[in-house]
Number of protein chains: 2
Amino acid sequence: MDTLLKPAHTDLPASPRLDAGPDQRPDPNHADCRGVASVLSRVGDKWSVFVIMMLSDGPKRFNELKRMINGISQRMLTLTLRGLERDGLVTRTIFPTIPPRVDYELTDLGRGLQQPVKALGEWAIEHLSQIEAARTRFDARNEG
Amino acid sequence: MDTLLKPAHTDLPASPRLDAGPDQRPDPNHADCRGVASVLSRVGDKWSVFVIMMLSDGPKRFNELKRMINGISQRMLTLTLRGLERDGLVTRTIFPTIPPRVDYELTDLGRGLQQPVKALGEWAIEHLSQIEAARTRFDARNEG
DNA sequence: CTGCATCCCTTTCGATACTG
DNA sequence: CAGTATCGAAAGGGATGCAG
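You'll find chain A entered in an unreviewed UniProt entry as Transcriptional regulator, with Bradyrhizobium forestalis given as the organism.

Dropping the structure here:
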């Protein structure tokens, strides 16, 4: 029973320690590297971010999300939603109707996460041109 | 010459459109989904974030970074640094000495990115316990 | 409609060995 | 020291078919 819905973001693969070794100075940066990496992995997951975005304006149904993202397979959507549910970022509400209906909604935690993600997104939008310019420059230099 | 240092984050794999289909209403969220995903992918990359963190307090040398992160292979470090350099987030300065020395340093753009990343990291630290609790609860429910 | 299982291809990543 | 080349293992992820 552990074939499909496990390879998502089960946990942290092999969280390396940034402050490894005996030379452990009080660096304000390495705080909870493991935990940070955990959340960052989720944020870095394209689908998770998209789902969180889509859930901004209220609860959505499974196929509703699938249609909105339109490029995601139902496998990945299921996987993503399970991961988000597991982390307590979204709730899954089943309506025992026929046909069955399942609503997904952001929790308070999920809505909280949405803010820093949004900030990041806005930074991205604002500096995207610079990044793309840098990429073009780099690529031209590297293979031109 | 395209065997090792390409599979990093070359570009965007298959950026799906969130606003696909004819039903395209003016949602303030989908802004530049492709661009946002691009940056988010980088942020979601564990190694990229770690390198950016390590570069917070000034320039570092290759093996210096490798030692600090300690769990990253030199292949991934090279890959990560190339990606960051390509995006204009870090600079690579070569000192033609013997032995050779290469310094990596955050650009203004990189330092700018650091802020939202840090905000996200702080959110992560602050809510990590909730997330872990949710995970434990979910796992217990799912296999207990 | 929602969602799990299987097959299978692609990408990613670590280990290792080799240059300047 | 700072990379680069290659290989093999593993994970990611799509397509399809089936079940409640």
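So, next bit.
Draft legend 1. Just the pattern of salt bridges, in detail. Evaluated as defined, the whole model comprises 13 salt bridges over all chains. Between A:Asp87 and A:Arg42 there is a salt bridge, and its shortest N-O distance comes to 2.6 Å. Separated by 45 residues along the polypeptide, A:Asp87 in the loop between helix H4 (74-86) and strand S2 (90-95) and A:Arg42 in helix H1 (residues 33-44) bring together distant segments of the chain. Comparing A:Asp87 with A:Arg42, the two get one shared label, buried. Across the pair B:Arg111 and B:Asp108 runs a salt bridge, and its minimum N-O distance is 2.9 Å. Taken together, the positions of B:Arg111 and B:Asp108, both in helix H5 (residues 108-143) and three residues apart, correspond to about one turn of that helix. Residue B:Arg111 is classed as partly exposed on the basis of its relative accessible area, which comes to 38%.

Draft legend 2. The environment of A:Arg42, seen in detail. All names here are of chain A. Looking at arginine 42, the relative accessible area reads 5%, which means it is buried. Here the alpha-carbon distance between arginine 42 and glycine 83, two residues 41 residues apart in the chain, equals 8.6 Å. Side chain to side chain, arginine 42 and aspartate 87 meet in a polar contact 2.6 Å long.

Draft legend 3. View of the packing of aromatic side chains. Inspection of every chain in the model, using the stated rule, returns two aromatic pairs over all chains. Note on A:Trp47 and A:Phe50: the rings are 6.1 Å apart at their centroids and 75° apart in plane angle, and the pair reads as edge-to-face. Of this pair, A:Trp47 and A:Phe50 are both found in helix H2 (residues 46-54), three residues apart, which corresponds to roughly one turn of the helix. Across the pair, A:Phe50 and A:Trp47 agree in class, each one buried. Here A:Lys46 stacks its cationic end above the ring of A:Trp47, 4.6 Å away from the centre of that ring. Over the aromatic face of B:Phe95 sits the side chain of B:Arg101, whose NZ or CZ is 5.5 Å from the ring centroid.

Draft legend 4. Quick peek at the sheet that holds strand S3 (residues 101-106) of chain A. All names here are of chain A. Pairing within the open sheet is antiparallel, and its three strands lie in the order S1-S3-S2. Unpaired on one side and paired on the other, strand S1 (60-61) and S2 mark the two borders of the sheet. For S1 and S3, the ladder comprises two bridges, and the chain directions are antiparallel. Its bridge partner lying in S3, lysine 60 is registered against tyrosine 104.

Draft legend 5. Expanded view of the nonpolar core. Membership of the largest hydrophobic core comes to 64 residues, with the highest contact counts inside it found for A:Val43, A:Leu113, B:Val43, B:Leu113 and B:Leu120. When neighbours within four sequence positions are excluded, B:Leu113 is seen to be in contact with A:Leu120, A:Trp123, B:Val39, B:Val43, B:Ile52 and B:Leu89.

Draft legend 6. Focus on the packing of helix H2 (residues 46-54) of chain B against H5(B). Residues and elements named next belong to chain B. It is at 11 Å that the axes of H2 and H5 come closest, and there the two elements cross at 110°. It follows from the interaxial angle that H2 and H5 lie roughly perpendicular. The way H2 lies across H5 gives a crossing that is left-handed. Contact residues: H2 offers Val49, Ile52 and Met53, while H5 offers Leu113, Gln114 and Val117. Of the residues assigned to the contact of H2 with H5, the class counts are five nonpolar, one polar and no charged.

Draft legend 7. Up close: unusual backbone geometry. All names here are of chain A. Here isoleucine 98 and proline 99 are connected by a cis peptide whose omega angle stands at 5°. Following the sequence through the fold, proline 99 ends up in the loop between S2 and S3. Even without being a glycine, asparagine 70 presents a positive backbone phi close to 50°. One can find asparagine 70 in the loop between helix H3 (62-69) and H4. On the basis of relative accessible area, asparagine 70 is assigned to the partly exposed category, the value being 44%.

Draft legend 8. Spotlight on the sheet that holds strand S3 (residues 101-106) of chain B. Residues and elements named next belong to chain B. The strand order across the open sheet built from three strands is S1-S3-S2, with neighbouring strands paired in antiparallel fashion. Each of the sheet's edge strands pairs with one partner strand only, and the pair in question is strand S1 (60-61) and strand S2 (90-95). The pairing of S2 with S3 spans six bridges and is antiparallel. Note on S3: the bridge partner recorded for threonine 93 is aspartate 103. Strand contacts of helix H4 (residues 74-86): S2 and S3, with the helix running at about 115° to S2, the strand carrying the most contacts.

Draft legend 9. Structural context of H4(B). All names here are of chain B. Under the 1.5 Å per step criterion, the end-to-end length of H4 is 18 Å for 13 residues, consistent within 8% with the ideal 18 Å. Inspection of H4 places Leu77, Thr78, Leu79, Thr80, Leu81, Gly83, Leu84 and Arg86 among the buried residues, and these make up the whole buried set. Count one or two residues on from H4 and you reach glycine 88, which has phi positive near 75°.

The rules behind each value
Residues numbered from 1 in each chain as written. Chains lettered and ligands numbered in written order. Predicted model: local features only at pLDDT ≥ 70, side-chain atom pairs only at ≥ 80, totals over all residues. Heavy atoms only, no water. Salt bridge = Lys/Arg side-chain N within 4 Å of Asp/Glu carboxyl O. Helix = DSSP H or I, 4+ residues; strand = E, 2+ residues; numbered from the N terminus. Buried < 20%, exposed > 50% of the residue type's maximum accessible area, 1.4 Å probe, protein only. Polar contact = N/O pair within 3.5 Å; in protein donor to acceptor, adjacent residues only side chain to side chain. Phe/Tyr/Trp six-rings, centres within 6.5 Å; stacked < 30°, edge-to-face > 60°. Lys NZ or Arg CZ within 6 Å of the ring centre and 35° of its normal. Pairing = 2+ DSSP bridges. Core = buried A, V, L, I, M, F, W, Y, C linked by side-chain atoms within 4.5 Å. Contact = heavy atoms within 4.5 Å. Axes fitted to C-alpha atoms, helices over the stretch in contact; angles between N-to-C directions. Parallel < 35°, antiparallel > 145°, perpendicular 65-115°, else oblique. Left-handed = near helix turned anticlockwise from the far one by under 90°. Nonpolar A, V, L, I, M, F, W, Y, C, P; charged D, E, K, R; others polar. Expected span 1.5 Å × (residues − 1).

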